[in-house]
Each structure stands twice: as structure tokens, then as C-alpha cells.
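Structural overview
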Amino acid sequence: TELWDIFNAYCTKFYFNLIQSLSLIEKAKLMSIGVERKNRLKNLHKYRNCFVGSQAVTFMLNAKLVDSRAGGLYLGNIFYKKKWLRHVRNEHVFEDKEDIFYVIMEDELENRL
């Protein structure tokens, strides 16, 4: 198990270094791949291929893109200001809430990679 512990520590350090070296657009792309997107229903209206703000923040935390929910909210709003994501009805900035849906602006991300 000692060899496994050394290997695990090395992999963890490698992952943190890799995440820290990502550009802002690469972090946005990673979030777009990792967050669960699906069709959702709210107030009898169907929104296609969208995600929930709080789930995006949780993904950013789990992926170590940020180290707090406040950091996830901040990073999500940077993505929002750069027009890499938007609220499904263009009514909200990025929020860490379970009842607000967002879509990834795929073309904007792809054009900048």
C-alpha cells in the first residue's frame, strides 16, 4: 500500500498542476464537458440542453477549478461576462442556485480554443 500511496500522491499533484496551468477558456470547456446538461421543465416551459447553476459550481469544486462555492460563482460569472454561457431566457447573471438554468454557448467556446 505504500507504493500505492506514493503513486496516488504523485497523481494528485500532477492533476493540481495540470488544472492550474489551464487557461480560462480551457476551464470553461472543461466545465461544459463535465456539467450535466439535459432538457428541463420549468413553469410549463421546456428548456433544451441546459444545466443548473448550483450543479456547475459543484462540478467546478469537485474538479478543483475553484476552492469554494464563492470561487465557483465568481468563475461562472466570468464565463457569463465572456458570453461562454447564458441564462436560458437572458434574465440572470450566473448564480449558484438550483432553479436557474443556463446553456453553454458552444460556438463561442470552440471559436476561442
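Residues numbered from 1 in each chain as written. Predicted model: local features only at pLDDT ≥ 70, side-chain atom pairs only at ≥ 80, totals over all residues. Heavy atoms only, no water.

Description of the pattern of salt bridges
- Evaluated as defined, the whole model comprises seven salt bridges.
- Note that Arg112 is salt-bridged to Glu108, the shortest N-O span being 2.9 Å. Here Arg112 and its partner Glu108 are both found in helix α5 (residues 106–112), four residues apart, which amounts to about one turn of the helix.
- Linked through salt bridges whose partners overlap, the residues forming this network are Lys29, Arg37, Glu106 and Glu110. (Salt bridge = Lys/Arg side-chain N within 4 Å of Asp/Glu carboxyl O. Helix = DSSP H or I, 4+ residues; strand = E, 2+ residues; numbered from the N terminus.)

Things to note about the environment of Lys13
- Checked against the element boundaries, Lys13 lands in helix α1 (residues 2–21).
- Among the residues examined, Lys13 registers a relative accessible area of 56% and is labelled exposed.
- Considering only alpha carbons, one finds Lys13 and Asn77, 64 residues apart in sequence, at a separation of 28 Å. (Buried < 20%, exposed > 50% of the residue type's maximum accessible area, 1.4 Å probe, protein only.)

What to know about helix α4 (residues 69–81)
- Here α4 contains 13 residues, and its C-alpha end-to-end distance of 18 Å stays within 8% of the 18 Å for a straight helix at 1.5 Å per residue.
- Three or more residues of α4 are buried, namely Gly71, Gly72, Leu75, Gly76, Asn77 and Phe79.
- The elements touched by buried residues of α4 are α2 (24–34), α3 (53–62) and β3 (85–87).
- Looking one or two residues past α4, Lys83 carries a phi angle of roughly 65°, positive in sign. (Expected span 1.5 Å × (residues − 1). Contact = heavy atoms within 4.5 Å.)

A short note on the nonpolar core
- In terms of nonpolar packing, the biggest core is built from 22 residues, with Met31, Phe51, Met60, Phe79 and Phe94 touching the most fellow members.
- The element contributing the most residues to this core is α3, with four residues.
- With sequence-adjacent residues up to four places away left out, Phe94 is seen in contact with Phe51, Gly53, Ala56, Val57, Met60, Gly72, Leu73, Gly76, Asn77, Tyr80, Leu85 and Tyr102.
- Counting residues in each nonpolar core, the second largest holds six residues, with Cys50, Val52, Val88 and Val103 among its members. (Core = buried A, V, L, I, M, F, W, Y, C linked by side-chain atoms within 4.5 Å.)

What to know about the side chain of Arg40
- Tracing the sequence through the fold places Arg40 in strand β1 (residues 38–42).
- Notably, Arg40 is buried but unbridged: the nearest opposite-charge side chain belongs to Glu36, and the N-O separation is 4.5 Å.
- Discounting residues that sit within four places of it in the chain, Arg40 has contacts with His45, Lys46, Tyr47, Cys50, Phe51, Val52, Gln55 and Phe101. (Lys, Arg positive; Asp, Glu negative; His and termini not counted.)

Quick look at the packing of α2 against α4
- At their nearest, the axes of α2 and α4 sit 11 Å apart, and the two run at 105° to each other. On the basis of their axis angle, the class for α2 and α4 is roughly perpendicular. Together, Leu24, Lys27, Ala28 and Met31 of α2 and Leu75, Ile78 and Phe79 of α4 make up the contact between the two elements.
- Each residue belonging to the contact of α2 with α4 can be placed in one class, and the counts come to six nonpolar, no polar and one charged. (Axes fitted to C-alpha atoms, helices over the stretch in contact; angles between N-to-C directions. Parallel < 35°, antiparallel > 145°, perpendicular 65-115°, else oblique. Nonpolar A, V, L, I, M, F, W, Y, C, P; charged D, E, K, R; others polar.)

Quick notes on the sheet that holds strand β4 (residues 101–104)
- Taking strand neighbours across the sheet as the criterion, the four strands line up as β1-β2-β4-β3 in an open arrangement whose pairing is antiparallel. In this open sheet, the two edge strands, each paired with only one partner strand, are β1 and β3. Pairs of neighbouring strands in the sheet enclose a mean axial angle of 50°, with direction left out of account.
- Pairing between β1 and strand β2 (residues 45–52): four bridges, direction antiparallel. When the bridges of β2 are listed, Lys38 appears paired with Cys50.
- In this fold α3 packs onto β1, β2 and β4, with an angle of close to 15° to the strand it touches most, β2. (Pairing = 2+ DSSP bridges.)

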